[in-house]
Amino acid sequence: MLILPKAAQDQILAHARSGLPNEACGLLAGLAQGDEKTVLGVYCLKNLDQSPEHFSMAPEDQFKAIQEIRKKGWALLGNFHSHPSTPSRPSNEDIRLAFDPSLSYVIVSLATAEPVLKSFLISKGLAAEEAIGQ
Ligand SMILES: [Zn+2]
């Protein structure tokens, strides 16, 4: 279960919208207890690809975020990116690039009038939806 407070969801959504027409991306950090992860910080990063179908997080942004996360005593819980015109589910590339089965992969779709935000756990080439709480 990923505890993603409303304020964090709003931050993700605002970053996704400001990145249009391209994908937007970032990192999620906070505290983990068993398989319950509570997001306390959303780090909005630059998408180096500047593409509506791909993203790569700027390495210097990532580095800075990880430093801040460590300083706060938090753990990296996952990441997020937007799908400007496709549904909220991992693409084949998203699955291929997912490197850590303990991380939450949050995808916010802006394909419909009402945005759809979902979280996934990806392991051994398979994605499973993860429950989101507030
Ligand atoms: Zn994707």
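The name an unreviewed UniProt entry assigns to the chain is Mov34/MPN/PAD-1, from the organism Leadbettera azotonutricia.

Trainee: Can you walk me through the layout of surface pockets in this structure?
Mentor: Using a probe with the size of a water molecule, rolled over the atoms, empty space left in the structure can be pinpointed. If you add up the space inside the largest pocket, you get close to 280 Å³. In terms of lining residues, the largest pocket is bounded by 15 residues, among which Phe55, Met57, Asn79, Leu97 and Phe99 are the most central. Broken down by secondary-structure element, the contributors of at least two residues to the lining of the largest pocket are β4 (75-83) and α3 (92-97). Residue composition of the lining of the largest pocket, by class: nine nonpolar, five polar and one charged.

Trainee: What am I meant to see in the pattern of salt bridges here?
Mentor: Side chains that differ in charge, positive against negative, can pair when their charged atoms come close. One pass over the structure, following the stated rule, counts three salt bridges. A salt bridge links Asp10 to Lys6, with the shortest nitrogen-to-oxygen separation between them at 2.9 Å. With a gap of four residues between them, Asp10 and Lys6 both fall in helix α1 (residues 6-19), about one helical turn apart. Residue classification places Lys6 among the partly exposed residues on the basis of a relative accessible area of 48%. A salt bridge links Glu130 to Lys37; the shortest N-O distance between them is 3.4 Å. Taken as a pair, Glu130 in strand β7 (residues 126-130) and Lys37 in strand β3 (residues 36-45) lie far apart in primary sequence, 93 residues in all. For the pair Glu130 and Lys37, one class covers both residues: buried.

Each value, and the rule that gives it
- Sequence order as written defines the numbering, with residues in each chain counted from 1.
- Owing to the predicted nature of the model, reporting of local features is limited to residues with pLDDT of at least 70; listing and counting of side-chain atom pairs is limited to 80 or more, with chain, interface and lining totals taken over all residues.
- Hydrogens are left out, water is left out, and the side-chain values use all remaining heavy atoms of the structure.
- Cavities and pockets were defined on a 1 Å grid built from protein atoms only: a cavity is a group of points that admits a 1.4 Å probe but offers it no way out, a pocket is an open group of points flanked by protein on both sides within 12 Å along at least five of seven lines, and a lining residue is one with an atom within 4 Å of any such point.
- Grid points are joined across faces, edges and corners, and a volume is the space filled by probe spheres set on the points.
- Only runs of H or I of at least four residues qualify as helices and only runs of E of at least two qualify as strands under DSSP, and these elements are numbered from the N terminus.
- Classification convention: Asp, Glu, Lys, Arg as charged; Ala, Val, Leu, Ile, Met, Phe, Trp, Tyr, Cys, Pro as nonpolar; all other residues, Gly among them, as polar.
- Salt bridges are defined as contacts in which a side-chain nitrogen from Lys or Arg sits within 4 Å of a carboxyl oxygen from Asp or Glu.
- To sort residues, take the accessible area from a 1.4 Å probe on protein chains only and compare it with the maximum for the residue type: under 20% means buried, over 50% means exposed, and anything in between is partly exposed.

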